[in-house]
Each structure stands twice: as C-alpha cells, then as structure tokens.
Amino acid sequence: MEFETVQVETHGRVGLIRLHRPQALNAISVQLIKDLSAALDALEADRTIGCLILTGSERAFAAGADIKEMQNFTYPDTYLDDFITSWERLSRTRKPIIAAVSGVALGGGCELAMMCDFILAADTARFGQPEIRLGVMPGSGGTQRLTRFVGKSKAMEMCLTGRMMDAVEAERCGLVSRIIPAADLVEEALKVAANIAAMSLPVAMMTKESVNRAYETSLAEGIRFERRVFQSQFALADQKEGMAAFIAKRPAEFNKE
Ligand code: HXC
C-alpha cells in the first residue's frame, strides 16, 4: 500500500499506520486524511488483520490541522465541504486501534489520538488543544472527547489556555493508558497490538463496540447492549475454542473460522 502522507506496514496480524509529513511535523492536511481513510479501509477489509496502530514520528504524532492550508478557508468553503467531518472516519474504525504517541499531539493531532481506542504515550509526549491561540476552537471532537477523558475542569483549562500537558500529567488524568520510554514505544505498541490481534476478532470488535456504548447511552441501556452481545458470543466457534483450550490447558487458537 503506497500513500503520499502515510506509511502502512503489516506485522503478522497487526496493521501499523504511520503519519508521514516530516517537513510539517505531520500537520494534518486534506491529503493526509484521504490517505489515512484509504489505509483504514484497506486494513479493515483484510480479515487477517486483527488490530491497528496509529503513530507518527519521534518528534510529532501530529502538530494539528495544517494551518497553512486552513489559513485562507472561507466560511462557505468549510460549510459546503463540511470541513473536518471526513476526519471522523478514524472514529468509525471497527477494529481495535491504538494511538502510539511520541512528541507533540496538538489540536487535531490530539483529537486524532483521542479517536483511537486507547493511547500509549512515549515519555516525550505532549498533548494540547492550542486552537484558541489561532483564533478558533477545537473542531474535531476536542471539546467533547477531552472532557470525557479528563473531566470538565482540566478540559476547560486546556481548551481555554491552549497549554500543553506532558505524558506524566496525561497519564495521571486518564488521557493515556500507559507511559513507555520513547525508544521502545513502537515495539511495545506492536506487542500490545499483537496480543489483541491474537484474540477472537469478532469478540475484540464487540468488546470495543460495547465499551464505546458507555459513552453514548445510559447505564441501563449500555448493560442491556452488553448482555445481548455477550449472549451472542456463544454462537461463535471462538467461544468453544477458548473454553476448550482453557480446560485442556493449551493455548487457544482463535480466528480459524
Ligand atoms: C502547518 C506546521 C504545523 C501546523 C508545525 N508546522 N505545525 N505547519 N500546520 N499545524 C510546520 C512549521 O511551520 C515548520 O515549517 C515545521 O512544521 C516545523 O515546526 P517548527 O514550529 O519550526 O518547530 P518547533 O519550533 O519545534 O515547534 C513545534 C511546535 C510548533 C510547538 C509543535 O510547530 C507549533 O506550535 N505548531 C502549531 C501547533 C498548533 O497550533 N496546532 C493546532 C493547529 S489548529 P517550516 O516550513 O517553517 O519549517 C488545529 C485545528 C483543529 O489543529 C480543528 C479541527 C480539526
């Protein structure tokens, strides 16, 4: 798979997408979103891929939307083209996807990371929503997702001042799941992803869908959804395999179909 602004690698059952605009700290252009969406489509269509990783460079996951490209957009441009809505492709990813963040994840970069299922952060990672300093506000879910991750007080402070937080603060407030030494970030993300990709793919996808329900529905509705999905898993060969393997004291082999 060849793209202008993203690089795609497969490692066994893991698909790794690397944002690649080194001259602009991976600033998110219209082309980058097109490439990212096409890469996601391809990896999602491939049944041999069980988990995805989205990463950037050591210096930058992404320094935000491309300011040079946005500078001259007019209101009709943004409205008629429905600017930013195409970014939501990432949040519609059905397979598990991990953000591996090293360096800056600012503005739209922080928003892309938050659209993934969880964030593994290098100790060099810095997160922020600095849009207000450019005379705009977060436009790709920052005011909503950051608030759900870290609560109102910190989200307000981050969005109103545009200050960055480091990896330690990001872990403390629940924005990232874990901090990893920068040199080991991609290797560790690959290990975590390989572990997930070895699970039953339908069960991993249903688990993701169910956790996401917690954000979108009442507790009672979320639990009803979870219960029905859980019950349906007894129709899967992977359930029979997983439980038989436990009883036989051998590793389970999922996804044989
Ligand atoms: C376009 C960018 C860019 C961006 C960096 N560059 N960020 N180009 N859009 N968002 C370019 C710089 O212009 C420069 O190009 C090169 O990348 C290296 O950046 P420097 O600033 O020279 O690096 P450094 O001094 O190390 O500073 C790093 C930085 C800074 C702190 C990350 O670049 C920065 O503040 N960037 C902007 C961050 C930001 O405001 N992001 C939010 C964008 S708005 P040249 O050609 O000069 O070498 C946004 C809106 C989202 O995301 C709303 C909905 C999606």
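Since we're looking at a predicted model, the values are computed, not measured. (Residues numbered from 1 in each chain as written. Predicted model: local features only at pLDDT ≥ 70, side-chain atom pairs only at ≥ 80, totals over all residues. Heavy atoms only, no water.)

Thoughts on the overall build of the protein chain
Applied cut-off: Think of it this way: any DSSP run of H or I at least four residues long counts as a helix, any run of E at least two long counts as a strand, and we number them from the N terminus. Atoms counted for the radius of gyration: C-alpha only. Globule rule: 2.2 Å times the number of residues to the power 0.38. The buried label goes to any residue with under 20% of its type's maximum accessible area, the exposed label to any with over 50%, and the partly exposed label to all in between, with areas taken from a 1.4 Å probe on protein chains only. Two residues qualify as a contact provided that any one of their heavy atoms is within 4.5 Å of a heavy atom in the partner residue. For every accessible area listed, the method is Shrake-Rupley and the probe measures 1.4 Å; residues are considered covered only by the protein chains on display. None of His or the chain ends enter the tally, which takes Lys and Arg as positive and Asp and Glu as negative. We put the charge of a Lys on NZ, of an Arg on CZ, of an Asp on CG and of a Glu on CD.
Assigned secondary structure in the protein chain consists of 11 helices and 10 strands. In terms of overall size, the protein chain behaves like a compact globule, its C-alpha atoms giving a radius of gyration of 19 Å where 257 residues would be expected to give roughly 18 Å. Taking the principal axes of the C-alpha coordinates as reference, the protein chain spans close to 60 × 45 × 40 Å. Counting every position in the protein chain, which comprises 257 residues, the buried fraction comes to 43%. In the protein chain, the share of contacts with a sequence separation of at least 24, taken over all contacts with a separation of at least 6, comes to 68%. Of the accessible surface of the protein chain, which amounts to about 13800 Å², a share of 57% is contributed by carbon and sulfur atoms. Averaged over its 30 positive side-chain charges, the protein chain has a centre that lies 6 Å from the centre of its 33 negative ones.

Description of the site of the ligand
Filter applied, for reference: Near residues are defined by distance, with any heavy atom within 4 Å of the molecule or strand qualifying the residue. Polar contacts, as counted here, are pairs of nitrogen or oxygen atoms within 3.5 Å of one another; within protein the pair requires one atom able to donate a hydrogen and one able to accept it, and residues that are adjacent in sequence qualify only if both atoms are side-chain atoms. For this classification, the nonpolar set comprises Ala, Val, Leu, Ile, Met, Phe, Trp, Tyr, Cys and Pro, the charged set comprises Asp, Glu, Lys and Arg, and every other residue, Gly included, is treated as polar.
Taken together, 23 residues form the shell around the ligand, and within it Arg 59, Ala 63, Ala 65, Ile 67 and Gly 108 come nearest. Between the ligand and Gly 108 there is a distance of 2.8 Å, counted from an oxygen atom to a backbone nitrogen or oxygen. Taking 1000 Å² as the accessible area of the ligand by itself, protein coverage stands at 64%. Contributions of two or more residues to the shell around the ligand are made by helix H2 (67-70) and helix H4 (108-115). Here the element with the most residues in the shell around the ligand is H2; it accounts for 3 residues. Residue composition of the shell around the ligand, grouped by class: 12 nonpolar, 6 polar and 5 charged.

Quick look at the sheet that holds strand E1 (residues 6-11)
We count it as follows: A pair of strands is considered paired only if DSSP assigns at least 2 bridges between the two. Every axis corresponds to a line fitted to the C-alpha atoms, with the helix fit spanning only the stretch in contact, and the corresponding angles, defined between N-to-C directions, vary from 0 to 180 degrees.
Within the open sheet, the 6 strands sit side by side as E1-E2-E3-E5-E7-E10. Their pairing is mixed. Each edge of the open sheet carries a strand with a single partner, namely E1 and strand E10 (178-180). Strand-to-strand, the axes of this sheet are offset by a mean angle of 25°, without reference to chain direction. Where strand E2 (residues 14-19) meets strand E3 (residues 51-55), 5 bridges bridge the pair, whose relative direction is parallel. Paired with Arg 18 across the bridge in E3 is Thr 55.

Some details on the packing of helix H9 (residues 201-216) against helix H10 (residues 219-232)
Axes are the key here: two packed helices are described by the angle between their axes and the distance separating the axes. As a reminder, the rule being used: For classification purposes, angles smaller than 35 degrees are called roughly parallel, those larger than 145 roughly antiparallel, those between 65 and 115 roughly perpendicular, and all remaining angles oblique.
Direction vectors running N to C along H9 and H10 enclose 170°, while the axes themselves pass 10 Å from each other. By the criterion of interaxial angle, the relationship of H9 to H10 is roughly antiparallel. Touching Met 206, Glu 209, Ser 210 and Arg 213 of H9 are Phe 225, Glu 226, Val 229 and Ser 232, all from H10. Residue composition of the contact of H9 with H10, grouped by class: 3 nonpolar, 2 polar and 3 charged.

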